[in-house]
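Chain by chain, the residues run as shown.
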Amino acid sequence: MPVEAPYDDRLLHRRVVGGDESALGEVYDRLSPLIFGLALRVTRDRVIAEDITQEVFLVFWERPLAYDPERGTLRAWLATIAHRRAVDHVRAEERRRVSALGPRLFEREPARLEDTVLAADEAERVRQAVTSLPDGLREAVELAYFGGRTYRQVGEELGVPEGTAKSRIRLALRRLADALAEEEV
Amino acid sequence: MDPVERLYLDAMMEDPGVPARSLRPQLLAGARARRRPAAPTAPWAEPYAGRVAAMDALLASAEDDDWSRVIVEGWTLQELVAHLAAKDGLLAASVGAPVLGPPMGATDSLGRTGDVQAYERARSPEQTRRDWRAQADALCRHLADLPPTTPATLDGMEVPVRDQILARCLETWIHTADAAQTARIRLPDPVADHIRPTADLCARLLPWTMLLSGLDGSGRTLRLTLTGDGGGEWQVPLGVEDAGPGTPDAHITADVVAFCFLLGGRGDPAEFPAELAGDLSLARDVLTTAPALSGP
């Protein structure tokens, strides 16, 4: 179920729609550490992460009606854009690196987390569900998601075969889904 | 929101990023280049400047097809924007602000609308958007130095410029909502500080809407309670020449935004969600006649 944004988000949104620059500054002050941190963690490049951070807030300013407070928090909306852009960057970099190395088998199967994780209403519950996973599962799911990594790359980083990485991610997601579904009841 | 995004966010919270504060001035400069903020103007004209900025935000998202889609009055989005520019231009002319667009011929709303629409039809939607915004911003800049009580005339109605600009605010707001509805975009309400004076104008118009509908409310008083951000309570004398409010004869309670839209001709008075008390037939008369001043 979508979560309605808190009153503060809705107020800031009204102000930004009404062309109030100082509201953009306030949104930036409040959320840029999160957005920058997120972009940095995915790209591992400060300059790129700064560019992405700028762009995310500019998108919000230029097209504020693309955000709908009835459908979620501003924090999550901005993070979605930042994450998408950061992953796009990582993937573009990788394609460039791969083509520089010459032809080789390069398969990509992006993890479809969204297919498996059930909707949860509160961030805190998801956070707790993630932290309560056993280390092996938790690392796998974080790598897949944070870096936009393939199953194979997750395997390489964890020192396990690709198939094992794949099943760990799937198991982690199933557990998360179960844990969240249980709380929903 | 996608649960995956939330999953990601929450893991992030365990390891927050380094704040990139130094980017703030750059961000604001970049923002100004991407989308103009509300024009600086007199405080009493800020509700209008805010609605202009909101309309511009909506237009920023319009695709090619959107511009030729009919919104209201049989007008396309481009023609609707030209209509707003036409009426803004008439108010500008009345207070000595620059008038943009075609040379002033007709000086009534519909005539000037026709002239500006004919002129803009030969231009691209993006040019029409720029022309409208330039006219609105020029008006705002001019109002910055004008006393709010300066008389201004639009369609033969002479009232203080403060009320004229609030009427422009309401019309811009309502047409933005019209366009948003067609585009299936949810338009957030203005901030409370902008709704409040707009609702106040609507309350003060009630004696006129009654009179224009052939009903004389002289000597009667309405207690009007408007709920929601920007709402409040008004004692409205219902005769245009009444010196002040008397003891309330009827009481209407309604949502503040819905009430402004009713005055703007949106919504059926018969179906209008409101709580009525006291003289119910008087309260119903007020609601039934409320849209009397709304036009294109």
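Quick notes on the rules
Residue numbering note: each chain is counted from 1, following its sequence as written. Lettering of chains starts at A and numbering of ligands starts at 1, both following the order in which they are written. The predicted nature of this model means local features are confined to residues of pLDDT at least 70 and side-chain atom pairs, given and counted, to a pLDDT of 80 or more, with totals for whole chains, interfaces and linings taken over all residues. Hydrogens and waters are ignored; side-chain quantities use all the structure's heavy atoms. Helix and strand assignments come from DSSP, with helices taken as H or I runs of at least 4 residues and strands as E runs of at least 2, each series counted from the N terminus. We call a residue buried when its accessible area falls under 20% of the maximum for its residue type, exposed when it is over 50%, and partly exposed in between, using a 1.4 Å probe and counting protein chains only. Pairs of residues are marked as contacts when any of their non-hydrogen atoms sit within 4.5 Å. Accessible surface area values rest on a Shrake-Rupley calculation with a 1.4 Å probe, where residue burial reflects the displayed protein chains alone. By the counting scheme adopted, Arg and Lys are positive, Glu and Asp are negative, and His together with the chain ends is not counted. Throughout, a charge is located at the NZ atom of Lys, the CZ atom of Arg, the CG atom of Asp or the CD atom of Glu. At least two DSSP bridges between two strands are required for those strands to pair. Space inside and on the surface of the protein is sampled on a 1 Å grid over the protein atoms alone, with a cavity defined as a set of points where a 1.4 Å probe fits but cannot get out and a pocket as an open set with protein on both sides within 12 Å along at least 5 of 7 lines; lining residues have an atom within 4 Å of a point. Grid points are joined across faces, edges and corners, and a volume is the space filled by probe spheres set on the points. Polar here means any residue outside two lists: the nonpolar Ala, Val, Leu, Ile, Met, Phe, Trp, Tyr, Cys and Pro, and the charged Asp, Glu, Lys and Arg; Gly therefore counts as polar. To qualify as a nonpolar core, a set must consist of buried Ala, Val, Leu, Ile, Met, Phe, Trp, Tyr and Cys residues joined through side-chain atoms within 4.5 Å. UniProt positions are given in the numbering used here, feature names are shortened, and annotations may be inferred rather than shown by experiment. Axes here refer to lines fitted to C-alpha atoms; in helices the fit is confined to the stretch in contact. Angles between the N-to-C directions go from 0 to 180 degrees. Here is the rule for angles: anything less than 35 degrees is roughly parallel, anything more than 145 is roughly antiparallel, 65 through 115 is roughly perpendicular, and the remaining ranges are oblique. A crossing counts as left-handed when the near helix is turned anticlockwise from the far one by less than a right angle, and as right-handed when that turn is clockwise. For Phe, Tyr and Trp, where Trp contributes only its six-membered ring, two rings pair if their centres lie within 6.5 Å, and the inter-plane angle classes them as stacked under 30 degrees, edge-to-face over 60, or tilted in between.

## So, the overall build of chain B
- Summing up its helical and strand segments, chain B has 11 helices and eight strands in all.
- Once the C-alpha set of chain B is aligned to its principal axes, its extents read approximately 65 × 55 × 35 Å.
- Within chain B, buried positions represent 52% of all 296 residues.
- Here the contacts in chain B between residues at least 6 apart in sequence split such that 68% fall between residues at least 24 apart.
- Element-wise, carbon and sulfur atoms account for 52% of the exposed surface of chain B, whose accessible area totals about 12,500 Å².
- Of the charged side chains in chain B, 27 are positive and 41 negative, and the gap between their average positions amounts to 6 Å.

## Points about the pairing of strand 6 (residues 232–237) of chain B
Residue and element names in this part refer to chain B.
- Pairing analysis gives six bridges linking strand 5 (residues 221–227) to strand 6, with the strands arranged antiparallel. Residue pairing for strand 6: Arg-223 is matched across the bridge by Gln-235.
- Between strand 5 and strand 6, which follow one another and run antiparallel, lie four residues, and Gly-228 among them has a positive phi close to 100°.

## Things to note about empty space enclosed by the protein
Residue and element names in this part refer to chain B.
- A complete count under the given rule lists three cavities of 30 Å³ or more for this structure.
- Its boundaries defined by the atoms lining it, the largest cavity holds a volume of some 80 Å³.
- Ala-85, Leu-100, Gly-101, Val-116 and Gln-135 are, among the 13 residues lining the largest cavity, the residues nearest its centre.
- Breaking the lining of the largest cavity down by element, the ones donating at least two residues are helix 5 (77–95), helix 6 (109–121) and helix 7 (125–143).
- No other element matches helix 6, which puts four residues into the lining of the largest cavity.
- Residues that form the lining of the largest cavity fall into these classes: seven nonpolar, three polar and three charged.

## Some thoughts on the nonpolar core
- Ranked by size, the top nonpolar core spans 75 residues in total, and within it Leu-139, Leu-143, Leu-206, Leu-222 and Leu-224 of chain B carry the most contacts.
- With 10 residues, the top contributor of residues to this core is helix 5 of chain B.
- The residues touching Leu-143 of chain B, leaving out its near neighbours within four places in the chain, are Thr-41, Ala-42, Trp-44, Ala-45, Val-95, Val-161 and Ile-165 of chain B.
- Of all hydrophobic cores here, the second largest spans 36 residues; its members include Ala-39, Val-42, Ile-52 and Tyr-67 of chain A.

## Details of the environment of Ala-60 of chain B
- Summarising the element assignment, Ala-60 of chain B is placed in helix 3 (residues 46–60).
- We classify Ala-60 of chain B as buried; its relative accessible area is 12%.
- Along the primary structure Ala-60 of chain B and Ser-218 of chain B are separated by 158 residues, whereas in three dimensions their C-alpha atoms are 47 Å apart.
- Excluding anything up to four places from it in sequence, Ala-60 of chain B contacts Glu-62 and Arg-63 of chain A together with Arg-129 of chain B.

## Some thoughts on unusual backbone geometry
- For Arg-44 of chain A, which is not a glycine, the phi torsion comes out positive at approximately 55°.
- Secondary-structure assignment places Arg-44 of chain A in the loop between helix 2 (21–43) and helix 3 (46–62).
- The class of Arg-44 of chain A is exposed, set by a relative accessible area of 59%.
- Non-glycine residue Asp-155 of chain B carries a positive phi angle of around 55°.
- One can find Asp-155 of chain B in the loop between strand 3 (151–154) and strand 4 (157–160).

## A look at the UniProt feature "domain: Mycothiol-dependent maleylpyruvate isomerase metal-binding" (unreviewed entry) in chain B
- With numbering matched to this structure, UniProt assigns "domain: Mycothiol-dependent maleylpyruvate isomerase metal-binding" (unreviewed entry) to residues 53–180 of chain B.
- Between the C-alpha atoms that bound residues 53–180 of chain B there is a distance of 14 Å. The span itself is 65% helix and 10% strand.

## Things to note about the packing of helix 5 of chain B against helix 7 of chain B
Residue and element names in this part refer to chain B.
- For the pair helix 5 and helix 7, the least separation of the axes is 9 Å and the interaxial angle reads 25°. Between helix 5 and helix 7, the angle is such that the two are roughly parallel. When the axes of helix 5 and helix 7 are compared, the crossing they make is left-handed. Listed contacts from helix 7 to Gln-78, Val-81, Ala-82, Leu-84, Ala-85, Asp-88, Gly-89, Leu-91, Ala-92 and Val-95 of helix 5 are Pro-125, Thr-128, Arg-129, Trp-132, Gln-135, Ala-136, Leu-139, His-142 and Leu-143.
- Within the contact of helix 5 with helix 7, the residues separate by chemical class into 12 nonpolar, five polar and two charged.

## Side note on the UniProt feature "domain: RNA polymerase sigma-70 region" (unreviewed entry) in chain A
- Mapped onto this numbering, the UniProt entry annotates "domain: RNA polymerase sigma-70 region" (unreviewed entry) at residues 28–95 of chain A.
- Span residues 28–95 of chain A is 81% helix and 0% strand, its end C-alpha atoms 32 Å apart.

## Focus on the packing of aromatic side chains
Residue and element names in this part refer to chain A.
- All chains considered together, the criterion is met by five aromatic pairs over all chains.
- Ring centres of Tyr-28 and Phe-57 lie 5.2 Å apart, and the angle between their planes is 70°; on these two criteria the pair is classed as edge-to-face. Of this pair, Tyr-28 sits in helix 2 while Phe-57 sits in helix 3, placing them 29 residues apart in sequence. For the pair Tyr-28 and Phe-57, one class covers both residues: buried.

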